[in-house]
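A structural walkthrough
The lines below spell out each chain.
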Amino acid sequence: MLIPPFDEKSSTQKVRMAEDAWNSRDPHRVAQVYSEDTRWRNRSEFVNGRADVEAFLQRKWAKELDYRLIKELWAWHNDRLAVRFAYEWHDDSGNWFRSYGNENWHFGAEGLMVTRYACINDLAITEAQRLFHWPLGTRPIDHPGLSELGL
């Protein structure tokens, strides 16, 4: 596990590890990188504790189908990272969306995330406007990132 203080290389690795975990859409796997007492603000929802994170993610991925995410490091300092991201998904009626956001992360000394603040906006798109085309799971290393896609 990568622990603070972070430099550019370890920050970039931490972000990619988070992206890979979230693209697994496995709530239990993702929840393990958060402290037992983690605190989140995600849109207008407040999540407290690892168990709540897991429950939140189960609800999220039951609604956001065929979810594919790209994260990019924005800035870092010691035990804090700023990340921007976009993900594509559709609802159970087949309506596609691209969700854009920014996250501020704070890590404890053991490398687990203690706080996560996420601001997210959804844009309705057509299936033809999708940009994230890879099999469900980890984004291939040669797939363009957010900057390369102009996002």
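Above this text you will find the structure in question.
Residues numbered from 1 in each chain as written. Predicted model: local features only at pLDDT ≥ 70, side-chain atom pairs only at ≥ 80, totals over all residues. Heavy atoms only, no water.

**Overview of the nonpolar core**
Grouped burial of nonpolar side chains is what soluble globular proteins tend to show. Put simply, the rule reads: Put simply, a nonpolar core is a bunch of buried Ala, Val, Leu, Ile, Met, Phe, Trp, Tyr and Cys residues held in one set by side-chain atoms that sit within 4.5 Å of each other. Categorising residues by exposure relies on relative accessible area from a 1.4 Å probe, with only protein chains included: less than 20% of the type maximum marks a residue as buried, more than 50% marks it as exposed, and the intermediate range marks it as partly exposed. Labels follow the DSSP assignment, with helices taken as runs of H or I lasting at least four residues and strands as runs of E lasting at least two, numbered in each case from the N terminus.
With 28 residues, the main nonpolar core has Trp 22, Trp 40, Leu 57, Leu 81 and Trp 105 as its most contacted residues. Top contributing element to this core by residue count: strand 4 (residues 80-90), with five residues. Among the nonpolar cores identified, the runner-up in size contains five residues, and Ile 70, Ala 86, Phe 132 and Leu 146 belong to it.

**Remarks on the pairing of strand 4**
Under the convention used in this document: Strands were regarded as paired on the criterion that DSSP finds at least two bridges between them.
Extensive coverage of strand 4 is indicated by the burial of 10 of its 11 residues. Looking at chain direction, strand 3 (residues 65-77) and strand 4 are connected through 10 bridges and run antiparallel. Within strand 4, the residue paired with Leu 65 across the bridge is His 90. The hairpin formed by strand 3 and strand 4 contains two residues between the paired strands, and Asn 78 there has a positive phi angle of roughly 50°. Examined bridge by bridge, strand 4 and strand 5 (residues 96-107) share 11 bridges and lie antiparallel to one another. Paired with Ala 86 across the strands is Tyr 100, a residue of strand 5. The turn joining strand 4 and strand 5, which pair antiparallel and follow one another in sequence, is formed by five residues; a positive phi near 85° is taken by Gly 94.

Any link to function would need more than the numbers given here.
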